[in-house]
Amino acid sequence: MEAYRRTVLYIEDDAVNMTLMRHIFRKYLPAVLLLEAETAELGLRIAMREPLDLILLDIGLPGLDGYAAMNVLRSKEETRHIPVLGVSAFAQNADMERARVSGFAGYITKPFQVRLLAEAVESLLAGRAHVFIEDKIR
Ligand SMILES: [Mg+2]
């Protein structure tokens, strides 16, 4: 039985992206427990009851989108301290800026290099304040 040291929640509606993240955590972040939610609404419920060290948040989601979810997270005593890394295909400068002013601790654009994603997660888990990476694989 593995003892997980940290817990991360990934809110993502795309099953392929979710599967990829599961593999990344298994390979590069084996001591981190990955919780999964396919909607913001479910993710917010998990965030209210589980002690989380980090949330990975897709922006384009059915129902509440990532920014609406961020507003809820920031408005609640139980969740406002949790750093949030945006993970999104929205990759314009304006998207990065919007994430910054919305209180995201970081933002990484899809598609991303697996190692960069893993490093961004490790950085934020280690307490680094901001990690903004525009990472279009060419
Ligand atoms: Mg999506």
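The structure displayed is predicted, hence computed values, not measured ones.

**Q** Explain the layout of surface pockets to me, using residue names and the numbers behind them.
**A** Taken as a whole, the largest pocket encloses approximately 160 Å³ of empty space. Lining the largest pocket are eleven residues, with Tyr4, Phe25, Arg26, Val32 and Leu34 positioned closest to its centre. Mapped onto the lining of the largest pocket, the elements with two or more residues apiece are helix H1 (15–28) and strand S2 (32–37). If you tally residues by element for the lining of the largest pocket, the top one is S2, at four residues. Tallied by class, the residues present in the lining of the largest pocket amount to seven nonpolar, no polar and four charged.

**Q** Please set out helix H5 (residues 114–125) residue by residue, giving values where relevant.
**A** For H5, spanning twelve residues, the distance from its first C-alpha to its last is 17 Å, which sits close to the expected 16 Å at 1.5 Å a residue. At the exit of H5 stands Gly127, carrying a positive phi of roughly 100°.

**Q** Run through the coordination of the magnesium ion, naming residues and quoting values.
**A** For the magnesium ion, the protein coordination sphere consists of Asp13 (OD), Asp58 (OD) and Gly60 (O), at 2.0 to 2.2 Å. Here the donor residues for the magnesium ion map to a single chain with the spacing D-x44-D-x1-G. A residue is classified by how much of its surface remains accessible, and Asp58, at 3% relative accessible area, is buried.

**Q** Any details on H1? Residues and values, ideally.
**A** Counted at 1.5 Å a residue, the expected span for H1 with its 14 residues is 20 Å, and the 20 Å between its end C-alpha atoms agrees. Turning to H1, its buried residues number three or more, namely Met18, Met21, Ile24 and Phe25. The buried residues of H1 occupy an angular sector of 120° when the element is viewed end-on, so they sit on one face. For H1, the exposed residues set more than 90 degrees away from the buried face come down to Ala15, Val16, Arg26 and Lys27. Buried residues along H1 sit in contact with strand S1 (6–11), S2, strand S3 (54–57) and H5. At the N-terminal boundary of H1, the capping side chain belongs to Asp14, with an oxygen 3.0 Å from the backbone nitrogen of Val16.

**Q** Can you lay out unusual backbone geometry for me, pointing to particular residues and giving the numbers?
**A** With glycine set apart, most residues show a phi of negative sign, and most peptide bonds adopt trans. Each neighbour pair has its own omega, and for Lys110 with Pro111 the value is -5°, a cis peptide bond. Along the chain, Pro111 turns up in the loop between strand S5 (106–109) and H5.

**Q** Any details on the pairing of strand S4 (residues 84–88)? Residues and values, ideally.
**A** For S4, a buried count of five out of five residues is recorded, marking the element as mostly surrounded by other parts of the structure. Both faces of S4 are covered, namely the face carrying Val84, Gly86 and Ser88 and the face carrying Leu85 and Val87. The pairing of S3 with S4 spans three bridges and is classified as parallel. Among the inter-strand pairings, Leu56 is bridged to a residue of S4, identified as Leu85. For the segment spanning S3, helix H3 (residues 66–75) and S4, crossover handedness is right-handed. Note that S4 and S5 share four bridges and pair parallel. The residue of S5 that forms the bridge with Ser88 is Thr109. Handedness of the S4-helix H4 (residues 93–101)-S5 crossover: right-handed.

Quick notes on the rules
Residues numbered from 1 in each chain as written. Predicted model: local features only at pLDDT ≥ 70, side-chain atom pairs only at ≥ 80, totals over all residues. Heavy atoms only, no water. 1 Å grid on protein atoms, 1.4 Å probe; cavity = no way out; pocket = protein on both sides within 12 Å on 5 of 7 lines; lining within 4 Å. Points joined across faces, edges and corners; volume = space filled by probe spheres on them. Helix = DSSP H or I, 4+ residues; strand = E, 2+ residues; numbered from the N terminus. Nonpolar A, V, L, I, M, F, W, Y, C, P; charged D, E, K, R; others polar. Expected span 1.5 Å × (residues − 1). Donors = N, O, S within 2.8 Å, 3.2 Å for Na, K, Ca; no water. Buried < 20%, exposed > 50% of the residue type's maximum accessible area, 1.4 Å probe, protein only. Arc of directions from axis to C-beta. Contact = heavy atoms within 4.5 Å. Polar contact = N/O pair within 3.5 Å; in protein donor to acceptor, adjacent residues only side chain to side chain. Pairing = 2+ DSSP bridges. Right-handed = clockwise from strand over helix to strand, strands pointing away.

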